[in-house]
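Topology and contacts: notes
These are the residues of each chain, in order.
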Amino acid sequence: MNEPNLNPDPDAMLDGLFARARVQRPDTTAAEYAFETRLMARLREKRLQDSESIWATVSWRLAPIFAACVIGLVVWHSEVVNELEAAEQLVYVANPNTFERWNGLD
């Protein structure tokens, strides 16, 4: 009738296993030796295996230069537009009748 409890508390068993695992520290010095060198060698090998197109590699490396060119063109274009607007205003002030004749051709 009164059977002993054969299944102890699973949480207590798990806590005991965790405590034993904390006490036993594995030796990781062999894995730490030259880790960076081994990692870089593996990445270099993977890059050679997964060789992409030369155009993709070159375009990614030149992307900052292309971005700088686009920014330069935008600045240059805005200055040209400002100069054009200033020139139109000067032409209108100097010759208002001529400018109105050409403007009416729309």
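Reference entry: report on the structure contained in this document. (Residues numbered from 1 in each chain as written. Predicted model: local features only at pLDDT ≥ 70, side-chain atom pairs only at ≥ 80, totals over all residues. Heavy atoms only, no water.)

1. Considering the overall build of the protein chain
Which entries qualify depends on this criterion: Helical segments are the DSSP runs of H or I of at least four residues, strand segments are the runs of E of at least two, and each set is numbered from the N terminus. When a residue's accessible area, from a 1.4 Å probe over protein chains only, is under 20% of the maximum for its type it is buried; when over 50% it is exposed; and in between it is partly exposed. Residue burial considers only the protein chains on display, and all accessible areas are found by Shrake-Rupley using a 1.4 Å probe.
If you tally the helices and strands in the protein chain, you get five helices and zero strands. Here the protein chain holds 106 residues, and the buried ones make up 0% of them. Carbon and sulfur atoms provide 62% of the accessible area of the protein chain, an area that totals close to 10800 Å².

2. Some words on unusual backbone geometry
The phi dihedral of Ala34 falls on the positive side, at around 55°, and the residue is not glycine. Looking at the element boundaries, Ala34 is found in the loop between helix 2 (29–32) and helix 3 (35–49).

3. Some thoughts on a nonpolar patch on the surface
Selection rule: Like-charged residues are merged into a patch within 9 Å and nonpolar side chains (Val, Leu, Ile, Met, Phe, Trp, Tyr) within 5 Å, provided each residue has over 30% relative accessible area and no salt bridge. Salt bridge, as applied in this entry: a Lys or Arg side-chain nitrogen positioned within 4 Å of an Asp or Glu carboxyl oxygen.
Residues Ile54, Trp55, Val58, Leu62, Ile65 and Phe66 make up a contiguous nonpolar surface patch of roughly 630 Å² in combined accessible area. Judged by its relative accessible area of 32%, Leu62 is partly exposed.

Function cannot be read off these values alone, since they describe shape.
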